[in-house]
Amino acid sequence: SGFIGCHEISWHCLRKISQLSEQFGDEISIVFNLEPEKGLKYSAYVNFDSLKQEFNFDLQYVSNVSDENSLKLLNEKKLDILFIIGWHKIVPQTVLNSAKIQLGIHSSLLPKNRGSSPINWQIIRNEKNGGTTLFHLTYDVDAGSIVDQEQFSIEFNDDIDTVYSKAIVASLNILERNWSEIHSLTPKNIPQDE
């Protein structure tokens, strides 16, 4: 598998994916992270140096994951699965095409709160429930079919940080719960209810 991400949630999910990959005998062929000097412009940026030390995967720091060099690296790996979790911009179809299956995580119960800053919007709209969705990535933003979802409650005294932490925990639960199907390349495919 391959992984693209640069946020705090990316770090936690990559660590879980690395652990599950070791457990199931899967291999993480390549990981992309945003160059640190560019990453510092974005909130919740985290680099993956500590995870590279722990799991020894091929880690590439890039400013553009869809440039010629990055695409060449991705296509050479002939990936079964590409995870894109917590990347700072929409990834073009050329990147998605580098793997047989493309999975992402969105911090809402899709199709609700599609698009950027879902946690902020849940708080702004005073929603009582948040959640996380593991889904198939498509050209349309957050519109691909769903693998699994996990809901959590948003309490009156929650803020961005506490809801973000709940989203991380939910994401890790979903990855663990679905890894056997991900491992066998048969993740669920439930169309979103428009």
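A brief structural summary. (Residues numbered from 1 in each chain as written. Predicted model: local features only at pLDDT ≥ 70, side-chain atom pairs only at ≥ 80, totals over all residues. Heavy atoms only, no water.)

Take the pattern of salt bridges next. In total, this model carries eleven salt bridges according to the counting rule given. In this structure, glutamate 176 engages lysine 16 in a salt bridge whose closest nitrogen and oxygen atoms are separated by 2.7 Å. Of this pair, glutamate 176 sits in helix H7 (residues 160–183) while lysine 16 sits in helix H1 (residues 8–24), placing them 160 residues apart in sequence. For aspartate 80, the salt bridge identified is with lysine 100, shortest N-O distance 2.9 Å. Of this pair, aspartate 80 sits in strand E4 (residues 79–84) while lysine 100 sits in strand E5 (residues 99–106); the two residues are 20 residues apart in sequence, bridging distant segments of the chain. (Salt bridge = Lys/Arg side-chain N within 4 Å of Asp/Glu carboxyl O. Helix = DSSP H or I, 4+ residues; strand = E, 2+ residues; numbered from the N terminus.)

For strand E6 (residues 129–136), the buried fraction is high: seven of the eight residues fall into the buried class. For E5 and E6, the ladder comprises four bridges, and the chain directions are antiparallel. Within E6, the position partnered with histidine 106 by the bridge is threonine 133. Inspection of the sheet shows E6 paired to strand E7 (residues 146–153) by seven bridges, in the antiparallel sense. Of the residues in E7, the one forming a bridge with glycine 131 is glutamine 151. (Buried < 20%, exposed > 50% of the residue type's maximum accessible area, 1.4 Å probe, protein only. Pairing = 2+ DSSP bridges.)

Moving on to the packing of aromatic side chains. Going through the model one piece at a time under the given rule, you end up with two aromatic pairs. With a centroid separation of 6.1 Å and an interplanar angle of 70°, the aromatic rings of phenylalanine 3 and phenylalanine 48 are classed as edge-to-face. Here phenylalanine 48 lies in the loop between helix H2 (36–39) and helix H3 (49–55) and phenylalanine 3 lies in strand E1 (residues 2–4), a separation of 45 residues in the sequence. For the residue pair phenylalanine 3 and phenylalanine 48, the accessibility class agrees, reading buried in each case. Ring plane angle 15° and centroid distance 5.8 Å describe the contact between phenylalanine 83 and tryptophan 179, whose orientation is recorded as stacked. With a gap of 96 residues between them, phenylalanine 83 in strand E4 and tryptophan 179 in helix H7 connect regions that are remote in the sequence. (Phe/Tyr/Trp six-rings, centres within 6.5 Å; stacked < 30°, edge-to-face > 60°.)

On the basis of relative accessible area, lysine 16 is assigned to the buried category, the value being 17%. Ignoring any residue separated from it by four or fewer positions in sequence, one finds lysine 16 in contact with Leu172, Leu175 and Glu176. (Contact = heavy atoms within 4.5 Å.)

So, about unusual backbone geometry. With an omega dihedral of 10°, the bond running from leucine 110 to proline 111 counts as a cis peptide bond. Relative to the elements of secondary structure, proline 111 occurs in the loop between E5 and helix H6 (118–124). Located in the positive-phi region is asparagine 113, a residue other than glycine, with phi close to 55°. Here asparagine 113 falls in the buried class, since its relative accessible area comes to 10%. Even without being glycine, aspartate 142 reaches a positive phi, approximately 55°. As for its position among the elements, aspartate 142 is in the loop between E6 and E7. A residue is classified by how much of its surface remains accessible, and aspartate 142, at 12% relative accessible area, is buried.

If you check which residues of helix H4 (residues 68–76) are buried, you get Ser70, Leu71, Leu73 and Leu74. End-on view of H4: buried residues confined to an arc of 160°, all on one side of the axis. Those residues of H4 that are exposed and aimed more than 90 degrees away from the buried face are Glu68 and Lys72. Of the surrounding secondary structure, the elements contacted by the buried residues of H4 are strand E2 (30–34), strand E3 (59–62), E4 and helix H5 (93–96). Lysine 78 lies just past H4 and shows a positive phi near 45°. (Arc of directions from axis to C-beta.)

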